[in-house]
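# Commentary on secondary and tertiary structure
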Amino acid sequence: MNNASEGDTIIVRDAYTGTKENIVVNVTHLTIQSKNGTANCTVNASDSSDHVFDVSVAYVNISRFTVTGATSTSKAGINIGKPGGNCNHCNISNNVVTGNRYGIYVHSTSNHDTLMNNNVSNNRFGIYLHFPDYNNLTNNTVNSNKGSGDHGGIRVSGSNNNITSNTVNSNNNYGIKIYLTGGKYNTLRNNKISNNNNFGIYLSSSSNNNLIYNNYFNNTNNAYDEGHNTWNITKQAGTNIVGGPYLGGNYWSDYTGVDNDGDGLGDTLRPYNCSGNITTGGGLASVGLS
């Protein structure tokens, strides 16, 4: 890192496994990746009171590492952005992020980032989008993050983020939470959210105008929504998340209505309101193939 120039690619070989280091990434347009993948290249924090990877510039790509050991309060395996920074257009992909206080933490100064194909599991808290906008979370696995209090699998307080095709299972407190006045105009679709404690998804009263459709919910309490959000799209052809022939609403494990016309969407007990926990509106329920 000390010798890197803008536009460089740093390839880390297997021999790096086990080395302890906190890495400050302050060179823009930089790619950092392991040669042979996460099983062969672990980056362990030498100082647990700091981030393992701390990114403070734009256009940084980090991929194919196992990242662990940042265990102090507010520290993360991969931290993107900080007050006064500009960390837009970063790409974090194909990493295993485990054994940290936060798995991946994205600050308000970092927008238009992509988090893809990461396994963020067994941290205290999983992924936290702290007021950034226009980010993409795609195909990540966010499992078994066990911190107590107001945290869980994925926490979002930014706007216009796309949260798509993630697996969010067995996290403490909730799977996904959208909250505060910044939590608006986010789209959540094609996610599998199951076996999370407390709620599968939680939207606070100030989280409005979010679109939530074609997700799979199978939790003790599937949803809680005090805001004004949209839980379905207009019925249209397309295979839904449980194999039905139409897109429309979400799959709810506790939906007890009936699909009278065989289109894979429930026709009774509509709009689905999660036993009243969706206080305004509600939506369609996908019931799968009969």
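Quick note: structure is the one above.
The model shown is predicted, which means the values in this text are computed figures rather than measured ones.

### So, the overall build of the chain
Of the regular secondary structure elements, the chain holds 0 helices and 30 strands. Relative to the 2.2 N^0.38 estimate, which gives 19 Å for 290 residues, the radius of gyration of the chain is 20 Å and therefore close to what a compact globule would have. Over its C-alpha atoms, taken along the principal directions, the chain stretches across nearly 65 × 35 × 30 Å. The proportion of buried residues among the 290 residues of the chain is 52%. At a minimum sequence separation of 6, the contacts of the chain that also span at least 24 residues come to 59%. About 11,500 Å² of surface is accessible on the chain, with carbon and sulfur atoms providing 42% of the total. Distance from the positive charge centre (16 side chains) to the negative charge centre (17 side chains) of the chain: 5 Å.

### Examining the sheet that holds strand β30 (residues 285-286)
Strands belonging to one sheet form pairs held by backbone hydrogen bonds; the direction of such a pair is parallel or antiparallel. The strand order across the open sheet formed by 10 strands is β4-β7-β10-β13-β16-β19-β22-β25-β29-β30, and the pairing between neighbours is parallel. Only two strands of the sheet have a single partner each, and these edge strands are β4 (42-44) and β30. Pairing of strand β22 (residues 192-194) with strand β25 (residues 216-218) involves 3 bridges; the strand directions are parallel. Across the sheet, I193 pairs through a bridge with F217, a residue of β25.

### Looking at the sheet that holds strand β17 (residues 154-156)
Taken together, 9 strands build an open sheet; the order of strands is β2-β5-β8-β11-β14-β17-β20-β23-β26 and the sheet is parallel. Strand pairing shows two members of the sheet lacking a second neighbour, β2 (23-25) and β26 (223-225), which therefore form its edges. Here the average twist between neighbouring strands, direction ignored, is 10°.

### Details of the nonpolar core
If you look at the biggest cluster of nonpolar residues, it comprises 53 residues, and the most contacted ones within it are F53, F65, I104, I127, W231 and W252. Formed by 6 residues, the second largest nonpolar core is a distinct cluster that contains A76, Y105, Y128 and Y179.

### Things to note about the packing of aromatic side chains
Applying the stated rule across the entire model yields 13 aromatic pairs. With a centroid separation of 4.9 Å and an interplanar angle of 65°, the aromatic rings of Y105 and Y128 are classed as edge-to-face. Of this pair, Y105 sits in strand β11 (residues 102-106) while Y128 sits in strand β14 (residues 125-129), placing them 23 residues apart in sequence. Summarising the burial analysis for this pair, Y105 and Y128 share the class buried. Plain terms: the ring middles of F217 and W252 are 4.4 Å apart, the flat faces sit at 10° to each other, and that makes the pair stacked. With F217 in strand β25 and W252 in strand β29 (residues 250-252), this residue pair connects regions lying 35 residues apart in the sequence. Given the relative accessible area of 0%, F217 is considered buried. In this structure an aromatic cluster arises from ring pairing among F217, W231, W252, Y255 and Y272. A cation sits over an aromatic face here: K177 above Y179, 5.7 Å from the ring centre. Over the ring of Y246 we find K235, and its NZ or CZ is 4.3 Å from the ring centre.

### Considerations on empty space enclosed by the protein
All chains considered together, the criterion is met by 1 cavity of 30 Å³ or more. Considered as a void within the structure, the largest cavity measures approximately 40 Å³ in volume. If you go around the largest cavity, the residues you meet are Y102, F125, G126, I127, Y128, H151, G152, G153, I154, R155 and Y174. Among the secondary structure elements, those contributing two or more residues to the lining of the largest cavity are β14 and β17. When residues of the lining of the largest cavity are assigned to their parent elements, the largest contribution, 4 residues, is made by β14.

Definitions and cut-offs
- Residues numbered from 1 in each chain as written.
- Predicted model: local features only at pLDDT ≥ 70, side-chain atom pairs only at ≥ 80, totals over all residues.
- Heavy atoms only, no water.
- Helix = DSSP H or I, 4+ residues; strand = E, 2+ residues; numbered from the N terminus.
- Rg over C-alpha atoms; globule rule 2.2 N^0.38 Å.
- Buried < 20%, exposed > 50% of the residue type's maximum accessible area, 1.4 Å probe, protein only.
- Contact = heavy atoms within 4.5 Å.
- Areas by Shrake-Rupley, 256 points an atom, 1.4 Å probe, with all protein chains shown as cover.
- Lys, Arg positive; Asp, Glu negative; His and termini not counted.
- Charge placed at Lys NZ, Arg CZ, Asp CG, Glu CD.
- Pairing = 2+ DSSP bridges.
- Axes fitted to C-alpha atoms, helices over the stretch in contact; angles between N-to-C directions.
- Core = buried A, V, L, I, M, F, W, Y, C linked by side-chain atoms within 4.5 Å.
- Phe/Tyr/Trp six-rings, centres within 6.5 Å; stacked < 30°, edge-to-face > 60°.
- Lys NZ or Arg CZ within 6 Å of the ring centre and 35° of its normal.
- 1 Å grid on protein atoms, 1.4 Å probe; cavity = no way out; pocket = protein on both sides within 12 Å on 5 of 7 lines; lining within 4 Å.
- Points joined across faces, edges and corners; volume = space filled by probe spheres on them.

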